[in-house]
Amino acid sequence: MAIPNIIAIDGPAGSGKSTLGLKLARLLGYLYFDSGVMYRAVTSAALKRALDINDEGQMTRLSETAQIDVRPPSVADGRDNDVLVDGEDLTPWLRTPEVDAKVSIVSAYPGVRKALSAQQRRIGLRGKVIMIGRDIGTVVLPEAELKIYLDASVEERARRRYQECLARGENIPFEQVLASMRARDRIDSTREVAPLKPAEDAIIINTDNLSVEQVFEKIKALVGFQSEKAAV
Ligand code: DC
């Protein structure tokens, strides 16, 4: 019982959840599971199949019937995982501006959330897991022993996302990244079902003026702090 078995990391886009979640999972030898890729997978499949993103019924049916597989990476192109929908590798599509622009609409539909969060919960309950998302501590895994909520200003988060786009060779104006981030924040935090917000027992870390290493030190201390408390 030294280390929390289920660790939830929530927060807005660009707050550092995936970088820090992955580092922590490697340190602990835990499964890293990014719940956002499931919403991105459904959105990518809908766009590829020319379905109507604004049709809640179609999106719900797709979420209920699509076979989403998250597997270890088969290609060394910087991806954390392969993400397949009905056997088709959609990984290259997941982080495109088109998906960025639509994923919050799809993930606001209650039927979509019900289907995907049930799958996430089943995976999380197996334990030894770091699950990242928006509602992991509040809805998907409220029993998580450690809940971390990472935050940062929208300008700082857009700057980080902009640097990632540049590193991938995508040339998008900063203003566009910022506007897209603002739009996503608004939809994610005002939707009726499972809006983005810290769980009451989450530990909030503002990462605005901190490096990845500095945030990681804080998180490691929290994991250690928890283990000391459990040992008393
Ligand atoms: O973390 P991300 O940017 O890859 O997430 C993509 C979208 O999916 C995000 O705009 C909100 C949604 N999402 C969600 O609603 N609940 C989660 N647990 C994870 C992601």
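Per chain, the residues get numbers from 1 upward, laid out in the order the sequence is written. Restriction of local features to residues with pLDDT of at least 70 applies here, the model being predicted, together with a cutoff of 80 or more for giving and counting side-chain atom pairs; totals for whole chains, interfaces and linings are based on all residues. Only hydrogens and water are set aside; all other atoms, that is, all heavy atoms of the structure, feed into the side-chain values.

Comments concerning the pattern of salt bridges
Stated precisely, the cut-off is as follows: Basic side-chain nitrogens of Lys or Arg form a salt bridge, by our definition, when they fall within 4 Å of a carboxyl oxygen of Asp or Glu. Numbering goes from the N terminus for both helices and strands, where a helix is a DSSP run of H or I of at least four residues and a strand is a run of E of at least two. Type-normalised accessible area, obtained with a 1.4 Å probe on protein chains alone, sets the label of each residue: buried when under 20%, exposed when over 50%, and partly exposed for intermediate values.
Taken as a whole, this structure holds 21 salt bridges when the rule is applied. Among the salt bridges present, the one from Arg49 reaches Asp86, with a minimum N-O distance of 3.0 Å. Separated by 37 residues along the polypeptide, Arg49 in the loop between α2 (36-48) and α3 (56-65) and Asp86 in the loop between β4 (82-85) and β5 (88-89) bring together distant segments of the chain. Since its relative accessible area comes to 39%, Arg49 is described here as partly exposed. Lys220 is the salt-bridge partner of Glu217, the closest N and O atoms lying 3.2 Å from each other. Placement of the pair is Glu217 and Lys220 together in helix α9 (residues 212-231), with a separation of 3 residues, close to one helical turn. For Lys220, a relative accessible area of 31% gives the class partly exposed. Here the salt bridges share partners, and the residues they tie into one network are Asp77, Arg79, Asp82 and Asp89.

Here we look at the packing of α2 against helix α5 (residues 110-124)
The following threshold applies: Note on definitions: angles span 0 to 180 degrees between N-to-C directions of axes, and those axes are lines fitted to C-alpha atoms, for helices only across the stretch in contact. In these notes the angle categories are as follows: under 35 degrees is roughly parallel, over 145 is roughly antiparallel, 65 to 115 is roughly perpendicular, and the rest is oblique. Rotating anticlockwise by less than a right angle from the far helix to the near helix defines a left-handed crossing, while the corresponding clockwise rotation defines a right-handed one. Any pair of residues with heavy atoms lying within 4.5 Å of one another is described as a contacting pair. Gly counts as polar in this scheme, as do all residues outside two lists: the nonpolar Ala, Val, Leu, Ile, Met, Phe, Trp, Tyr, Cys and Pro, and the charged Asp, Glu, Lys and Arg.
The N-to-C vectors of α2 and α5 enclose an angle of 135°; their axes lie 10 Å apart at closest approach. By the angle class used here, α2 and α5 are oblique. Where α2 crosses over α5, the handedness of that crossing is right-handed. Taking contact as the criterion, the partners of Met38, Tyr39 and Val42 in α2 are, on α5, Val112, Arg113, Leu116, Ser117, Gln119 and Gln120. Along the lines of polarity and charge, the residues of the contact of α2 with α5 split into 5 nonpolar, 3 polar and 1 charged.

Observations concerning the sheet that holds strand β6 (residues 129-133)
Applicable threshold: Two strands pair under a simple rule: DSSP has to find at least two bridges between them.
Pairing within the open sheet is parallel, and its 5 strands lie in the order β2-β6-β1-β7-β8. In this open sheet, the two strands that pair with only one neighbour each are β2 (31-34) and β8 (203-206). Going from strand to strand, the sheet's axes swing by 20° on average, the running direction of each strand aside. Of the strand pairs in this sheet, strand β1 (residues 6-10) and strand β7 (residues 146-151) are connected by 4 bridges, and their pairing is parallel. Residue pairing in the sheet places Ile7 in a bridge with Leu146 of β7.

A closer look at the site of the ligand
Heads up, the condition is: Near, as used in this document, describes a residue that has one of its heavy atoms within 4 Å of the molecule or strand being considered. Identification of polar contacts relies on pairs of N or O atoms within 3.5 Å, with a donor-acceptor requirement for protein atoms, meaning one able to donate a hydrogen and the other able to accept it, and with residues adjacent in sequence counted only if both atoms are side-chain atoms. Accessible surface is estimated by sampling points in the Shrake-Rupley manner with a 1.4 Å probe; for residues, cover comes only from the protein chains shown.
Around the ligand, the structure places 17 residues, and the nearest of them are Arg40, Arg113, Arg134, Asp135 and Arg191. In the model, a nitrogen atom of the ligand is placed 2.8 Å from a nitrogen or oxygen of the Asp135 side chain. Between the ligand and the protein, one listed contact pairs an oxygen atom with a side-chain N or O atom of Asp188 at 3.0 Å. Protein coverage of the free-state accessible area of the ligand, which is 450 Å², stands at 97%. Where the shell around the ligand is concerned, the elements lending two or more residues are α2, α4 (97-107) and α8 (174-190). Looking at the shell around the ligand residue by residue, the classes come out as 3 nonpolar, 5 polar and 9 charged.

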